[in-house]
Amino acid sequence: MSMIELDGKVAVVTGGSSGIGLATVELLLEAGAAVAMCGRDATRLRAAEATLRDRFVGCRLYAATCDVLQPKQVNAFAADVARELGPVDMLVNNAGQGRVSTFATTEDAAWLEELQLKFFSVIHPTRAFLPQLEQSKAGAIVCVNSLLATQPEPHMVATSAARAGVHNLVRSLATEFAPKGVRVNGILIGLVESGQWRRRFDARPEEDRHLDWTAWTARLAKQKHIQLGRLGLPQEAARAILFLASPLSSYTTGSHIDISGGLSRHA
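Rules of the game
- Residues numbered from 1 in each chain as written.
- Predicted model: local features only at pLDDT ≥ 70, side-chain atom pairs only at ≥ 80, totals over all residues.
- Heavy atoms only, no water.
- Helix = DSSP H or I, 4+ residues; strand = E, 2+ residues; numbered from the N terminus.
- Rg over C-alpha atoms; globule rule 2.2 N^0.38 Å.
- Buried < 20%, exposed > 50% of the residue type's maximum accessible area, 1.4 Å probe, protein only.
- Contact = heavy atoms within 4.5 Å.
- Areas by Shrake-Rupley, 256 points an atom, 1.4 Å probe, with all protein chains shown as cover.
- Pairing = 2+ DSSP bridges.
- Axes fitted to C-alpha atoms, helices over the stretch in contact; angles between N-to-C directions.
- Expected span 1.5 Å × (residues − 1).
- Arc of directions from axis to C-beta.
- 1 Å grid on protein atoms, 1.4 Å probe; cavity = no way out; pocket = protein on both sides within 12 Å on 5 of 7 lines; lining within 4 Å.
- Points joined across faces, edges and corners; volume = space filled by probe spheres on them.
- Nonpolar A, V, L, I, M, F, W, Y, C, P; charged D, E, K, R; others polar.

Colleague: Explain the overall build of the protein chain to me, please; I cannot follow it from the model alone.
Modeller: The secondary structure content of the protein chain amounts to 8 helices and 7 strands. Taken against the 2.2 N^0.38 rule, which gives 18 Å for 267 residues, the C-alpha radius of gyration of the protein chain at 18 Å falls within 12% of a compact globule. C-alpha extents for the protein chain along the principal axes are approximately 55 × 40 × 35 Å. Counting over 267 residues, the protein chain shows a buried share of 51%. In the protein chain, the proportion of contacts linking residues at least 24 apart, taken out of those at least 6 apart, comes to 73%. Roughly 13,100 Å² of accessible area belongs to the protein chain as shown, and the carbon and sulfur atoms make up 54% of that amount.

Colleague: Help me out: how do you make sense of the sheet that holds strand β5 (residues 139–146) in this one?
Modeller: An order of β3-β2-β1-β4-β5-β6-β7 is seen for the 7 strands of this open sheet, with the pairing classed as parallel. Two strands bound the open sheet, and with one partner strand each, they are β3 (61–65) and β7 (256–259). Taking each pair of neighbouring strands and ignoring which way they run, the sheet shows an average axis angle of 15 degrees. Bridge count between strand β6 (residues 182–189) and β7: 4 bridges; the pairing is parallel. Among the inter-strand pairings, I189 is bridged to a residue of β7, identified as I259. On the sheet, helix α1 (residues 19–30) packs against β1 (10–14), β2 (34–39), β3, β4 (90–94) and β6 and is oriented at approximately 170 degrees with respect to β1. Contacting β2 and β3, helix α2 (residues 42–55) runs over the sheet at an angle of about 170 degrees to β3.

Colleague: Hey, could you run me through helix α3 (residues 71–85) in this one?
Modeller: Every α-helix carries 3.6 residues per turn, so stepping three or four residues along brings you back to the same face. With 15 residues, α3 should reach 21 Å at 1.5 Å per residue; the first-to-last C-alpha distance of 21 Å fits that figure. All of the buried residues along α3 are V74, F77, A78, V81 and L85. All buried residues of α3 fall inside an arc of 100 degrees around its axis, so they share one side. Those residues of α3 that are exposed and angled more than 90 degrees off the buried face are K72 and R83. Buried residues along α3 sit against β1, β2, β3 and α4 (108–135). Following α3 by one or two positions, G86 adopts a phi angle in the positive range, close to 105 degrees.

Colleague: For this particular structure, what's the right way to read empty space enclosed by the protein?
Modeller: One simple way to see leftover space: roll a probe sized like a water molecule over the atoms. Under the criterion given, the structure shown has 1 cavity of 30 Å³ or more. Considering only enclosed or pocket space, the largest cavity measures out at about 30 Å³ in volume. Contributing to the lining of the largest cavity are K9, D89, M90, A138, A245, S246 and P247. Here the lining of the largest cavity is built from residues that sort into 4 nonpolar, 1 polar and 2 charged.

Following this line, the structure appears as structure tokens:
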């Protein structure tokens, strides 16, 4: 049973076909919301859609391929969502993966690519759906961000800088949109189980082959000084997103929830 009833509400999740995005779609459907999700990979999107329709029989779900870096595609997606499901109440901006590189190894093109991805994956959907969110009595935007925004890592210099910018952007949008009745918040994730970590596990060296997933990730958590001793689950991040997107957090805007298992070194 869901912690909140969202019958009659409409939510949008970008990057909704896997990981935290898919886990968020599941929780929103469980709560009774109508959900639109998009992704760039049509095959993965359709597989996720089929699984969701089997699990949530009769759900109001709309899935469309869309590249959030292409404003024309995002605007078309926003119009389609309004037509298929009605005006949107909740928007979850779920940005992509990080780039591993130092200052010395990051060329100008890589900087531009990373900054464009992190900023415009938020800017384009927010711009496209804001008129619908303003019509809602409980409009909310949630941006999925990383702990790198406040705790940068030198081996992820471009991603850390871009994440910090999005952290600041959330605060700015919250201030600007408050008079419109639209709340804006974010989450800061640490190390969360993902396909990327599974691939690293599968490619682990021969001397680590005796370790199963649980032991390997526990060792990783110890190396990274994660106080809870494990990686996070997509569902754990999704619960925080659900809280911030729903009326459960009706008096919260311009804030971030830390979902890092104690990895954060700052209060």
